[in-house]
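# Inside the fold
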Amino acid sequence: MVQVHHRERTVDGHQIFYREAGDPAAPTLVLLHGYPTSSSMFRHLIPLLADSFHVVAPDHLGFGLSDAPSTSEVDYSFDLLADITEGLLADLGVDRYAIYVQDYGAPVGWRLALRRPEAITAIITQSGNAYDEGFVEDFWEPVLAYQRSQDATTEAAIRGALSLDAIRWQYVHGVADTTLVDPEAWVHDHALVSRPGNDLVQLALFRDYASNVALYPQVHEYFRTSQVPLLAVWGEGDEIFGPEGARAFSRDLPDAEVHLVPGGHFLLESAVHEVADLIRDFLRRVTGA
């Protein structure tokens, strides 16, 4: 039976929570979560992979069970989230690894790859965008409006994304049988983003998301230069990052493997076994595990 450890490390003065399983001597897979969740999104996936891989899944600063200092103490940005992740991996002695990126995890992962391309053995992206294609306009227009101008109207619209109903929608849209999705997932996420002051953390990251799109040309050059093995496994019903975002990887990575799976933005909630099978097959072929 696979044992999953729940641990903390101090990185740059912050307590960072992470889940770890598998033999540290095996190939490492780093799981990077999205908004508004935490490493809890991987709770069912980790045991399915840890018999063959060393799996590390941190909670980003400001999310989950990691420290969430106020915006008066910390200038939140995706650069900072990448710094913390890089520091954690260095502290764990992990210097070569594959990444699984989802939503916010993608811009964190792209920064890690740009900083140390030689460290990345492979990429699995699940609703983790790297192209202009895939941004679903109905979802992203309020975010873009808030990035362009912060005022009472744009802030009110973006604060709607912090509500329980909005977080529930992220989990259930695109899922044919919503009874497969555990309600504790969105209740847990909502409780954590509702902590005093965490709303300002999330608003700061919504504003900074524009920096991720500006980084895309560098990411595309990294893809073309490295030809890193990449698996895109995507919920075909995702209304945040649509399937065009998955197909776009083939532009710079002709050997990219693209799979559209029935489901939504949080695909692991309804199709974890199918995703795990695709990951195991892919990583065994590209890492020899």
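Residues numbered from 1 in each chain as written. Predicted model: local features only at pLDDT ≥ 70, side-chain atom pairs only at ≥ 80, totals over all residues. Heavy atoms only, no water.

Next up on the list: the environment of Ala50. When you line up the elements, Ala50 lands in the loop between helix H1 (46-49) and strand E4 (54-58). Remark: the alpha-carbon pair of Ala50 and Trp186, spanning 136 residues in sequence, is separated by 25 Å. Ignoring anything within four residues of it in the chain, the contact list for Ala50 reads Val2, Ala21, Gly22, Asp23 and Val55. (Helix = DSSP H or I, 4+ residues; strand = E, 2+ residues; numbered from the N terminus. Contact = heavy atoms within 4.5 Å.)

Glancing now at unusual backbone geometry. Cis rather than trans, the peptide bond between Tyr35 and Pro36 has omega equal to 0 degrees. Residue position: Pro36 is located in the loop between strand E3 (28-32) and H1. Phi is positive for Asp12, close to 50 degrees, though the residue is something other than glycine. If you trace the backbone, Asp12 turns up in the loop between strand E1 (4-11) and strand E2 (14-21). The phi angle at Ser127 is positive, at roughly 55 degrees, despite the residue not being glycine. Residue placement: Ser127 occurs in the loop between strand E6 (120-125) and helix H4 (137-148).

The UniProt record annotates "domain: AB hydrolase-1" (unreviewed entry) at residues 27-269. End C-alpha to end C-alpha, residues 27-269 measures 25 Å, and it is 45% helix and 13% strand. (UniProt positions renumbered as here; feature names shortened; annotations may be inferred.)

We now examine the pairing of E1. Here E1 runs beside E2; their pairing, made up of 8 bridges, is antiparallel. Within E2, the residue paired with Arg7 across the bridge is Tyr18. Between the end of E1 and the start of E2, which pair antiparallel, lie 2 residues, with Asp12 showing a positive phi angle near 50 degrees. (Pairing = 2+ DSSP bridges.)

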